[in-house]
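Overview (structure and organization)
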Amino acid sequence: MTNTSIDAVETMPGAAPTTWGDPFPLGLASFGISALVLATVMSGIVDAAALPAVLPLALALGFATELVAGLVHFRRGETFPALVFTAYAGFWLSYALLVQFYGPMVTSDGAAITGMFLLAWALFTTYMLLAALRTNTTTIVIFVLLAGVFYLAAFGSFLGSAALGRTAGYVLILDALVALYASAAIIVNTTWDRTVLPVP
């Protein structure tokens, strides 16, 4: 088979792709949508009794779709976004399990263990922020806000402060909107093959 005929086969409709597409906008959208809905409950905009309705979204988008995005990044050799999306996929899964199954089983020190759960993720987010400093402003803002969410929520749990928890929810709303904007910018700019939505 000549090179010309090989090229023709590779460009035929239905032919297997030779490269992987960019999963970054998928991961950002998955995080942004899941976080935005959760944040409305955390902030008190939506009653806390509605929290179980957030869990299917956390599992389907926050966990499953972010995991897919992260694995594709690993396949492309992109370690930073791969770690971001696979690790936070683990967050969403563990969060859903904690809320739905294991949290109600804790009869003592529930606030302390929830605080430690959140603080551990705050520490992870902090060193991912240090790595993000080598990326772009938008990614840095996402991690600064997310670290703030985890620290506020963690200390809100330790101190029994509903105000800190609500503040974490409002910060998460802002973070989710930034992530969704970044996702939109990447896919819109790629589709239009020019900068329609700037990403600083």
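Residues numbered from 1 in each chain as written. Predicted model: local features only at pLDDT ≥ 70, side-chain atom pairs only at ≥ 80, totals over all residues. Heavy atoms only, no water.

1. A few points about the confidence of the model for the protein
With 90% of its residues at a pLDDT of at least 70, the protein reaches an overall mean of 88. Counting interchain partners and residues more than four positions distant, the pLDDT-below-50 stretch residues 1-16 has five contacts. (pLDDT = per-residue confidence, 0-100. Contact = heavy atoms within 4.5 Å.)

2. Quick word on the environment of Phe 24
Looking at where Phe 24 falls in the secondary structure, it is placed in helix H2 (residues 24-42). Each C-alpha atom, one on Phe 24 and one on Ile 187, is 9.2 Å from the other, the two residues being 163 residues apart in sequence. Contact partners of Phe 24, with chain neighbours within four places excluded, come to His 73, Pro 81, Phe 85 and Ile 186. (Helix = DSSP H or I, 4+ residues; strand = E, 2+ residues; numbered from the N terminus.)

3. Quick look at the pattern of salt bridges
Inspection of every chain in the model, using the stated rule, returns one salt bridge. Note that Glu 78 is salt-bridged to Arg 76, the shortest N-O span being 2.9 Å. Using a relative accessible area of 25% as the deciding quantity, one classes Glu 78 as partly exposed. The exposure class of Arg 76 is partly exposed, given its relative accessible area of 31%. (Salt bridge = Lys/Arg side-chain N within 4 Å of Asp/Glu carboxyl O. Buried < 20%, exposed > 50% of the residue type's maximum accessible area, 1.4 Å probe, protein only.)

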